[in-house]
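# Observations on chain architecture
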Amino acid sequence: MSNKRLKIIRGISGSGKTTYVNKHYPEAFVCSADNYFEGLAKANNTSYAEEFKPWLVGKAHQHCWGSFIQAVVVMDEPLVVVDNTNTNKWECDNYGVLAELMGYEVEIVEIPFEADKAEVYHERNTHGVPLEVIQRMIEHYES
């Protein structure tokens, strides 16, 4: 059994992923596409909402992947968490494959949600994700 662990968090926006991570893994190295926009906001003394641009989501996920590689290949962090929506199972695949190659035990943690509560998740999410985007996440979520 490995002492290195990767937790891949899955769930729609507003379901409580980051709250779960902060509560259960406060000592973890956290990789998240949100970190990209939060970094821009901090650097520019603005807000996440001001920095978020849909056309930069790919770049944000590339940033997340780069920090993940840094954590598991270069830094050999004992506990790494990938905190993204990962609504499609394939979105977890590369993280899991690389982590296993580097000797990590991999666990996927799904944050439960209720399909008829899109409005609740819309109100709860801290990044201003539009209701229609959350509804699409719910409709296309792969359990």
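Scroll up a little and you will see the structure.
Let me sum up the structure you'll find in this document. Note that the structure is a prediction, hence the values are computed from the model and not measured. (Residues numbered from 1 in each chain as written. Predicted model: local features only at pLDDT ≥ 70, side-chain atom pairs only at ≥ 80, totals over all residues. Heavy atoms only, no water.)

Once that is clear, we can look at the pairing of strand E1 (residues 5-10). With respect to burial, E1 is a largely interior element, five of its six residues being buried. Sheet topology note: the E1/strand E3 (residues 79-83) ladder contains five bridges and is parallel. If you follow Arg5 over to E3, its bridge partner there is Leu79. In this structure, E1 lies alongside strand E4 (residues 105-110), joined through six bridges in parallel fashion. Bridging across to E4, Lys7 finds its partner in Glu107. (Buried < 20%, exposed > 50% of the residue type's maximum accessible area, 1.4 Å probe, protein only. Helix = DSSP H or I, 4+ residues; strand = E, 2+ residues; numbered from the N terminus. Pairing = 2+ DSSP bridges.)

A few words now on the layout of surface pockets. Taken as a whole, the largest pocket holds about 1,300 Å³ of empty space. Lining the largest pocket are 47 residues, and of these Ser13, Asp34, His61, Asn84 and Thr85 sit closest to its centre. Residue assignment for the lining of the largest pocket shows that the elements contributing at least two residues are helix H1 (17-24), helix H2 (33-44), helix H3 (48-51), helix H4 (57-74), helix H5 (90-101) and helix H7 (131-140). Among the elements that line the lining of the largest pocket, the one with the most residues is H4, at six residues. Grouping the constituent residues of the lining of the largest pocket by class yields 17 nonpolar, 23 polar and seven charged. (1 Å grid on protein atoms, 1.4 Å probe; cavity = no way out; pocket = protein on both sides within 12 Å on 5 of 7 lines; lining within 4 Å. Points joined across faces, edges and corners; volume = space filled by probe spheres on them. Nonpolar A, V, L, I, M, F, W, Y, C, P; charged D, E, K, R; others polar.)

Bringing the sheet that holds E3 into the picture now. Within a sheet, neighbouring strands are paired by backbone hydrogen bonds and run either parallel or antiparallel to one another. In spatial order, the strands read E2-E3-E1-E4; together these four strands make up an open sheet with parallel pairing. A strand with exactly one partner marks an edge of an open sheet, and here the two such strands are strand E2 (29-31) and E4. Sheet twist, expressed as the average angle between the axes of neighbouring strands with direction ignored, equals 20 degrees. (Axes fitted to C-alpha atoms, helices over the stretch in contact; angles between N-to-C directions.)

Summed over the entire model, instances satisfying the criterion amount to nine aromatic pairs. When the centroid spacing of 5.3 Å and the interplanar angle of 80 degrees are considered together, the rings of Tyr36 and Phe37 count as edge-to-face. We note that Tyr36, like Phe37, is buried. Taking 4.8 Å as the distance between ring centres and 80 degrees as the angle between the ring planes, the aromatic pair formed by Phe68 and Tyr95 counts as edge-to-face. (Phe/Tyr/Trp six-rings, centres within 6.5 Å; stacked < 30°, edge-to-face > 60°.)

Grouped together as the largest cluster of nonpolar side chains are 14 residues, with contacts concentrated most on Leu6, Phe68, Val80 and Tyr95. Discounting residues that sit within four places of it in the chain, Phe68 has contacts with Leu6, Cys31, Val80, Val82, Tyr95, Leu98 and Ala99. (Core = buried A, V, L, I, M, F, W, Y, C linked by side-chain atoms within 4.5 Å. Contact = heavy atoms within 4.5 Å.)

In this structure the tally under the stated criterion is four salt bridges. In this structure, Arg10 engages Glu110 in a salt bridge whose closest nitrogen and oxygen atoms are separated by 3.3 Å. You can see Arg10 sitting in strand E1 and its partner Glu110 sitting in strand E4, a full 100 residues away along the chain. Overall, the relative accessible area of 1% leaves Arg10 in the buried class. For Glu114, the salt bridge identified is with Lys117, shortest N-O distance 3.4 Å. Looking at Glu114, the relative accessible area reads 45%, which means it is partly exposed. (Salt bridge = Lys/Arg side-chain N within 4 Å of Asp/Glu carboxyl O.)

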